[in-house]
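Observations on chain architecture
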Amino acid sequence: MDGAQYESPESAVEMAAPAMKLTLIIEANQDPEFIPRLIPLLTSMPLAEVLSQPFVASLLPPLLERHAEALALIRSRAEEKDGTIFFDITDHRLRASTNSFPTTCIQKPFTPSGFRSRASYQGGRGLKPVDQGRPAKMVNLAQVCERYGGGGHARVGAISFPPDQEEKARVAAAEIVAELRAHKP
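What you are looking at is a predicted structure, and each value in this text was computed from that prediction instead of being measured.

1. So, the overall build of the chain
- Scanning the chain from terminus to terminus reveals eight helices and six strands.
- Walking the chain from its N terminus toward its C terminus, one meets helices and strands in the order α-α-α-α-α-α-β-β-β-β-α-β-β-α.
- Split into buried and exposed, the 185 residues of the chain put 42% on the buried side.
- Looking at the chain alone, contacts between residues at least 24 apart form 51% of all its contacts between residues at least 6 apart.
- Split by element, the accessible area of the chain, about 9700 Å² in all, is 54% carbon and sulfur.

Pasting the structure below:
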């Protein structure tokens, strides 16, 4: 997941796979006793069975609902140009980050969380459909984000800004989106 090596853009957001559901639960959970209860199950049960355990299963429905709401918001704000999608949802404080869009290979979300503003860039299996399978032609998102104090991997990068630097984050996001839209492999 961290390397954005999903089977398809859709698989990154549909939350159908047990591993995706479990990741959603783990990322949202604040109970310090949850992980110690979960780890022994992960060593002895398939993920689908772990998800069926009452202390795990009860957490999933509200998270999936919030995820669906976040996707609807992103779809309503997404702007596609030159194979790059950008959206700004800084006016919404989403508890769970949703850094993917199900019908494209690249996303440029600029999303807030409770403690920072975040500009995230994700390429899935390739930055643009024409770049797939041609890593030398891809923009290395980690290198782009490093110029702004962030980092990541070749296909996934992010930059975090303190809450009082939202405008700086917005400027960085605009510059990076312009750079990626201008990229011609």
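Okay, back to it.
2. Focus on the confidence of the model for the chain
- Per-residue confidence for the chain gives a mean pLDDT of 76, with 71% of residues at or over 70.
- Mean pLDDT per element in the chain: strand 3 (residues 108–112) is the minimum at 48, and helix 5 (residues 54–57) is the maximum at 98.
- Confidence over residues 96–109 falls short of pLDDT 50; this stretch has 61 contacts with residues more than four positions distant or in other chains.
- Predicted confidence is poor over residues 124–131, with pLDDT under 50, and the contacts of this stretch with residues over four places away or in other chains come to 28 contacts.

3. Here we look at the pattern of salt bridges
- A complete count under the given rule lists four salt bridges for this structure.
- The residue Arg170 makes a salt bridge to Asp88 at a minimum N-O spacing of 2.9 Å. On the criterion of sequence distance, the pair formed by Arg170 in helix 8 (residues 166–182) and Asp88 in strand 2 (residues 84–88) is long-range, its members being 82 residues apart.
- A salt bridge links Arg147 to Glu179, with the nearest nitrogen and oxygen atoms 2.3 Å apart. Of this pair, Arg147 sits in the loop between helix 7 (141–146) and strand 5 (151–152) while Glu179 sits in helix 8, placing them 32 residues apart in sequence.
- Linked by salt bridges that have partners in common, Asp88, Glu167 and Arg170 make up one network.

4. Let's talk about helix 8
- Taking 1.5 Å per residue as the helical rise, helix 8 with its 17 residues ought to reach 24 Å, and the 24 Å between its terminal C-alpha atoms agrees with that figure.
- Three or more residues of helix 8 are buried, namely Ala169, Ala172, Ala173, Ile176, Val177, Leu180 and Arg181. Seen end-on, helix 8 carries its buried residues on one side only, within an arc spanning 160°. Turned more than 90 degrees away from the buried face of helix 8 sit Glu167, Lys168 and Ala182, all of them exposed.

5. A short note on the nonpolar core
- In this structure, Leu22, Ile25, Phe34, Leu38 and Val56 are the most contacted members of the largest nonpolar core, which totals 14 residues.
- Put simply, the parts of the chain that give this core at least two residues each are helix 2 (18–28), helix 3 (34–42), helix 4 (47–51), helix 5 and helix 6 (60–77).
- It is helix 2 that contributes the most residues to this core, four residues altogether.
- Not counting residues up to four positions away in its chain, the partners in contact with Leu38 are Leu22, Ile26, Val50, Phe55 and Val56.

6. Description of the pairing of strand 2
- Where burial is concerned, most of strand 2 is hidden: four out of the five residues are buried.
- Sheet topology note: the strand 1 (residues 79–81)/strand 2 ladder contains three bridges and is antiparallel. Looking at strand 2, one finds that Lys81 is bridged to Thr84.
- Linkage of strand 1 to strand 2, two consecutive antiparallel strands, is achieved through a turn of two residues, within which Asp82 is found at a positive phi near 55°.

About the thresholds
Residues numbered from 1 in each chain as written. Predicted model: local features only at pLDDT ≥ 70, side-chain atom pairs only at ≥ 80, totals over all residues. Heavy atoms only, no water. Helix = DSSP H or I, 4+ residues; strand = E, 2+ residues; numbered from the N terminus. Buried < 20%, exposed > 50% of the residue type's maximum accessible area, 1.4 Å probe, protein only. Contact = heavy atoms within 4.5 Å. Areas by Shrake-Rupley, 256 points an atom, 1.4 Å probe, with all protein chains shown as cover. pLDDT = per-residue confidence, 0-100. Salt bridge = Lys/Arg side-chain N within 4 Å of Asp/Glu carboxyl O. Expected span 1.5 Å × (residues − 1). Arc of directions from axis to C-beta. Core = buried A, V, L, I, M, F, W, Y, C linked by side-chain atoms within 4.5 Å. Pairing = 2+ DSSP bridges.

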